[in-house]
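Spelled out, the chains give:
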Amino acid sequence: MQRQSAKKLKFSRENLRLVAAFRGVPSSGFERPLLPPKPFAQVLNQTVQRTAKLYSPTFQILQTHWGDWFRGTEFRSVIPERLDRWNALWLKAPDAIVRQKLQFKSEQLLKTLNALVPGKIESVRWAG
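None of the values given here were measured: they were computed from a predicted structure. (Residues numbered from 1 in each chain as written. Predicted model: local features only at pLDDT ≥ 70, side-chain atom pairs only at ≥ 80, totals over all residues. Heavy atoms only, no water.)

Engineer: Any chance you could explain the overall build of the protein here in plain terms?
Structural biologist: The helix and strand tally for the protein stands at five helices and three strands. Helices and strands appear in the protein in the N-to-C order α-α-α-β-β-α-α-β. Counting only residues that meet the buried cut, the protein has 22% of its 128 residues in that class. Counting only contacts in the protein whose residues sit at least 6 apart along the sequence, the fraction spanning at least 24 positions is 55%. (Helix = DSSP H or I, 4+ residues; strand = E, 2+ residues; numbered from the N terminus. Buried < 20%, exposed > 50% of the residue type's maximum accessible area, 1.4 Å probe, protein only. Contact = heavy atoms within 4.5 Å.)

As structure tokens, this is what we get:
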């Protein structure tokens, strides 16, 4: 007798669902119940809360007065980029050499900034 190669049987989706329902097994992970969409007001509120630090009074003061405060210093070329939710100030340097040079003076900068701005800045981070 010759052995016949077993053909791979393909069932339709409908048949697979019937078999899965009969066995009590979900037919696929994609058939989860759909969640209702979130209301626009809720999504907008969450987005505003996440970005609130970007428009905080402390950050606005930093952006406005940065050039005046650090005129004639090495920090003049640095741009305040954002203030995150952990009160870490992100600064953007023009290049990697300046960034590395100024990282050694981060503690001094942090003390100066906390004396000048109303909010507390916890740390200074450098963006590339």
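Engineer: Would you mind showing me how to read the pattern of salt bridges here?
Structural biologist: Pairing between side chains of opposite charge can happen when their charged atoms approach one another. Throughout the structure, instances matching the rule amount to four salt bridges. Here D68 and R71 are joined by a salt bridge, their closest N and O atoms 3.0 Å apart. Classification of D68 as partly exposed rests on a relative accessible area of 47%. On the basis of relative accessible area, R71 is assigned to the exposed category, the value being 58%. The shortest N-O distance in the salt bridge between E74 and K101 comes to 3.2 Å. Of this pair, E74 sits in the loop between α3 (57–69) and β1 (79–83) while K101 sits in helix α4 (residues 96–103), and the two are 27 residues apart along the sequence. Given the relative accessible area of 48%, K101 is considered partly exposed. Within the structure, one salt-bridge network assembled from shared partners comprises E74, K101 and K105. (Salt bridge = Lys/Arg side-chain N within 4 Å of Asp/Glu carboxyl O.)

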